[in-house]
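# Architecture and fold: a report
Read off the chains here:
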Amino acid sequence: MRQSPNIIITGTPGVGKTTHCEALAERVGLRHVSINQVVKDKECHEGWSDEYQSWIVDEDKLLDAIEDEVKAGGCIIDWHACDLFPRSWIDLVVVLRVDSTALYDRLKARRYAEAKLQENLDSEIMEVLLQEARDAFDEEIVIELTSNTSEEMESNVDRIEAWYKQWKIDNSADSA
């Protein structure tokens, strides 16, 4: 039994995953696990895609690289996908959403290639990552939050922090 929960914060690039993860990690002391960083640092990839300007992730290597850390609990996983993680590892899935105008501006500011920008906009509009989360995990652990403004981000972190505190109460040794 884990002493702390594992949370995935997922969504299309540009929705504020890293900002949410960093704020939450600072507030509650969970470890921010940036999958992009793990892929680079531990070489969990099959090379670079020039078209999308990103690493081609080897999911098996990635899962092997983070398995021990995540099974120990206390991780906030920061990545644009969630359906590859085993259900038994995850206690909460937060899918961040942003309106398409804000997302376009954020991705343009990151200088995304046109193909990558359009694919991410389409993914957000079609709710691809939200549906993947709902298909991969039990409905009661998947929440959708909007992240258009800094006020919404702050409110989201408050909400996830409250969930975390309740999880700790519900899963303490005293309640077992």
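Residues numbered from 1 in each chain as written. Predicted model: local features only at pLDDT ≥ 70, side-chain atom pairs only at ≥ 80, totals over all residues. Heavy atoms only, no water.

- The name an unreviewed UniProt entry gives the chain is Adenylate kinase isoenzyme 6 homolog, with Stachybotrys elegans as the organism.
- Looking at the Subunit (unreviewed entry) heading of the UniProt record, one finds this comment for the chain: "Interacts with small ribosomal subunit protein uS11. Not a structural component of 43S pre-ribosomes, but transiently interacts with them by binding to uS11."
- The UniProt entry for the chain carries the following comment under Sequence similarities (unreviewed entry): "Belongs to the adenylate kinase family. AK6 subfamily." (UniProt positions renumbered as here; feature names shortened; annotations may be inferred.)

### Overview of the packing of helix 4 (residues 100–109) against helix 5 (residues 114–125)
- Axis separation between helix 4 and helix 5 bottoms out at 10 Å; the angle between their running directions is 155°. Considering the angle they form, helix 4 stands roughly antiparallel to helix 5. For the crossing formed where helix 4 meets helix 5, the hand is right-handed. Contacts between helix 4 and helix 5 involve Ser-100, Leu-103, Tyr-104, Leu-107 and Lys-108 on the former and, on the latter, Glu-114, Leu-117, Asn-120, Leu-121, Glu-124 and Ile-125.
- Along the lines of polarity and charge, the residues of the contact of helix 4 with helix 5 split into 6 nonpolar, 2 polar and 3 charged. (Axes fitted to C-alpha atoms, helices over the stretch in contact; angles between N-to-C directions. Helix = DSSP H or I, 4+ residues; strand = E, 2+ residues; numbered from the N terminus. Parallel < 35°, antiparallel > 145°, perpendicular 65-115°, else oblique. Left-handed = near helix turned anticlockwise from the far one by under 90°. Contact = heavy atoms within 4.5 Å. Nonpolar A, V, L, I, M, F, W, Y, C, P; charged D, E, K, R; others polar.)

### Section: the UniProt feature "binding site: ATP" (unreviewed entry) in the chain
- Within this numbering scheme, the UniProt entry marks Gly-14, Gly-16, Lys-17, Thr-18, Thr-19 and Arg-110 as carrying the feature "binding site: ATP" (unreviewed entry). Those annotated residues lining the largest pocket are, specifically, Gly-14, Gly-16, Lys-17, Thr-18, Thr-19 and Arg-110.
- For Thr-18, the location among the structural elements is in helix 1 (residues 17–28).
- With residues near it in sequence (within four places) discarded, Thr-18 still touches His-32 and Asp-78.
- Inspection of the secondary structure puts Arg-110 in the loop between helix 4 and helix 5.
- In contact with Arg-110, not counting residues within four places along its chain, are Pro-13 and Gly-14. (1 Å grid on protein atoms, 1.4 Å probe; cavity = no way out; pocket = protein on both sides within 12 Å on 5 of 7 lines; lining within 4 Å.)

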